[in-house]
Amino acid sequence: MSHPADTPENTRTGILAGISAYVIWGVVPVFFKQIAEVPATEIIAHRVVWAMLLMTALLGFGRGFDDALRLARQPLQLARIALASALVLTNWLTFVWGVNNGHIVETSLGYFILPLLNVALGVLVLKERMRKLQWLAVLCAAIGVAVEATRAGSLPWIALVLAGTFGIYGLLRKQLPLDAASGLFLETVCMLPLALAWLGWLSFNGQGHFGTSGSLSAGDLLLLATGPVTAIPLLLFAIAARRLPLSRMAFLQYLAPSIAFLIGVLVYREPLDPQRMLSLAAIWTGLAVYSIDL
């Protein structure tokens with residue numbers, strides 16, 4: 001399957017899909033805070049199972065199964081899908097653990113670093129070109145990230161894992177000859193055996209949190225909702241990634257961590273100091289410069 005043509009209509013579609021995905025990801029910490037009593041590994045297993053069921057239903061209405069099966073018969077492409085699955089699984093686990101252990105602001109730092117990594121991947125791997133104002137925007141954002149890393153006083157491992165895993169995942173998804181739904185379906189297929197095995201082990205040992213009351217509780221419904229909460233923004237992201245250069249995707253991505261940062265500080269009262277404000281001011285200046293250039 002070829003990439004969509006580089007037309008104004010496809011560009012608009014990509015930008016709208018990207019904005020929608022990043023707004024959802026920005027507010028999703030509030031959702032996961034509602035199930036903070038459930039361990040991150042169990043939440044991720046439920047995300048995989050329910051997202052898989054949702055994607056199966058969606059593909060049942062189209063021809064996505066044909067594309068997915070065609071790709072699954074190609075060992076090299078299937079290996080890329082498996083690698084993408086491992087990366088996104090690691091990303092989900094790190095994100096949920098960080099949110100539910102009081103590190104929403106550090107998770108937002110990871111997604112502030114991510115656009116810089118995407119710009120680097122776009123230029124170095126995909127040979128994308130950037131204009132002078134775009135390089136100035138990247139420099140401003142890089143200064144902000146450096147200030148934040150210095151302020152933390154130690155290696156921000158949560159942020160680095162989140163940026164690294166999702167940056168490489170985005171690059172792989174851009175290169176795979178699959179539409180958004182078929183790609184996400186195959187990714188969840190790769191994750192499903194591990195997720196089912198983990199949920200089975202938890203149930204066997206009486207440690208699971210799903211269905212323990214004999215009927216669907218509010219917590220059960222929230223775990224069920226992890227499927228659409230997972231699938232919908234990933235579908236939108238894949239639509240955007242196939243239609244936009246990585247360098248443009250990079251700066252759309254600042255929406256999610258900016259929203260998450262504000263939620264962490266204003267809603268959950270995570271600490272904020274002048275040095276962190278300086279770093280965010282530099283990052284947002286970069287975003288403003290890039291927006292002017294566009």
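The rules behind these values
- Residues numbered from 1 in each chain as written.
- Predicted model: local features only at pLDDT ≥ 70, side-chain atom pairs only at ≥ 80, totals over all residues.
- Heavy atoms only, no water.
- Helix = DSSP H or I, 4+ residues; strand = E, 2+ residues; numbered from the N terminus.
- Rg over C-alpha atoms; globule rule 2.2 N^0.38 Å.
- Buried < 20%, exposed > 50% of the residue type's maximum accessible area, 1.4 Å probe, protein only.
- Contact = heavy atoms within 4.5 Å.
- Areas by Shrake-Rupley, 256 points an atom, 1.4 Å probe, with all protein chains shown as cover.
- Patch = residues over 30% accessible without salt bridge, like charges linked within 9 Å, V, L, I, M, F, W, Y side chains within 5 Å.
- Salt bridge = Lys/Arg side-chain N within 4 Å of Asp/Glu carboxyl O.
- pLDDT = per-residue confidence, 0-100.
- Core = buried A, V, L, I, M, F, W, Y, C linked by side-chain atoms within 4.5 Å.
- Axes fitted to C-alpha atoms, helices over the stretch in contact; angles between N-to-C directions.
- Parallel < 35°, antiparallel > 145°, perpendicular 65-115°, else oblique.
- Left-handed = near helix turned anticlockwise from the far one by under 90°.
- Expected span 1.5 Å × (residues − 1).
- Bend = angle between axes of the 7 residues up to and from the residue.
- Polar contact = N/O pair within 3.5 Å; in protein donor to acceptor, adjacent residues only side chain to side chain.
- Nonpolar A, V, L, I, M, F, W, Y, C, P; charged D, E, K, R; others polar.

A. Highlighting the overall build of the chain. Within the chain, the secondary structure is distributed over 12 helices and zero strands. In summary, the chain has a C-alpha radius of gyration of 19 Å against a globular reference of 19 Å for 294 residues, a match within 12%. Along the first, second and third principal axes, the C-alpha atoms of the chain reach 55 × 45 × 30 Å. Taking all 294 residues of the chain together, the buried fraction comes to 50%. The long-range share in the chain, meaning contacts at least 24 apart out of those at least 6 apart in sequence, stands at 87%. Here the chain has roughly 13300 Å² of accessible surface; of this, 69% comes from carbon and sulfur atoms.

B. Inspection of a nonpolar patch on the surface at higher detail. Nonpolar side chains collect at one region of the surface, where Leu133, Leu136, Leu139, Ile143 and Ile292 lie side by side and expose about 470 Å² of accessible area between them. The element contributing the most residues to the nonpolar patch is helix α6 (residues 132–152), with four residues.

C. Representation of the confidence of the model for the chain. The pLDDT averaged across the chain works out to 83; a share of 94% of its residues lies at or above 70. The least confident element of the chain is helix α10 (residues 246–252), whose mean pLDDT is 71; the most confident is helix α4 (residues 75–100), at 90.

D. Spatial organisation of the nonpolar core. Membership of the largest hydrophobic core comes to 82 residues, with the highest contact counts inside it found for Trp25, Phe32, Phe95, Tyr169 and Phe237. In contact with Trp25, other than residues within four places in its own chain, are Phe166, Pro233, Leu234, Phe237 and Ala256.

E. Just the packing of helix α1 (residues 8–33) against helix α11 (residues 255–267), in detail. Where α1 contacts α11, the axes come no closer than 7 Å and their chain directions differ by 25°. In terms of axis orientation, α1 runs roughly parallel to α11. Pair α1 / α11 crosses with right-handed handedness. For the pair α1 and α11, contact is made by Ile19, Tyr22, Val23, Trp25, Gly26, Val27, Pro29 and Val30 and by Leu255, Ala256, Ile259, Ala260 and Ile263, respectively.

F. Focus on helix α9 (residues 218–243). Spanning 26 residues, α9 covers 38 Å between terminal C-alpha atoms, matching the ideal 38 Å at 1.5 Å per step. Its axis deflected by about 30° at Ala225, α9 carries its strongest bend there, up to four residues before the proline Pro228.

G. Spatial organisation of the side chain of Thr230. By the secondary structure assignment, Thr230 is in helix α9. A polar contact is formed between the side chain of Thr230 and the backbone oxygen of Thr226, at a distance of 2.7 Å. Excluding its chain neighbours within four sequence positions, the residues that come into contact with Thr230 are Arg47, Ala51 and Trp92.

H. Examining the packing of α1 against α9 more closely. Viewed as axis vectors pointing N to C, α1 and α9 meet at an angle of 150°, and their least axial separation amounts to 7 Å. Between α1 and α9, the interaxial angle falls into the category roughly antiparallel. Note on packing geometry: the crossing formed by α1 with α9 is left-handed. Of the residues belonging to the contact of α1 with α9, the class tally is 18 nonpolar, six polar and one charged.

I. Region of the structure containing the environment of Asp273. Mapping Asp273 onto the fold places it in the loop between α11 and α12 (274–293). Considering only alpha carbons, one finds Asp273 and Ile283, 10 residues apart in sequence, at a separation of 16 Å.

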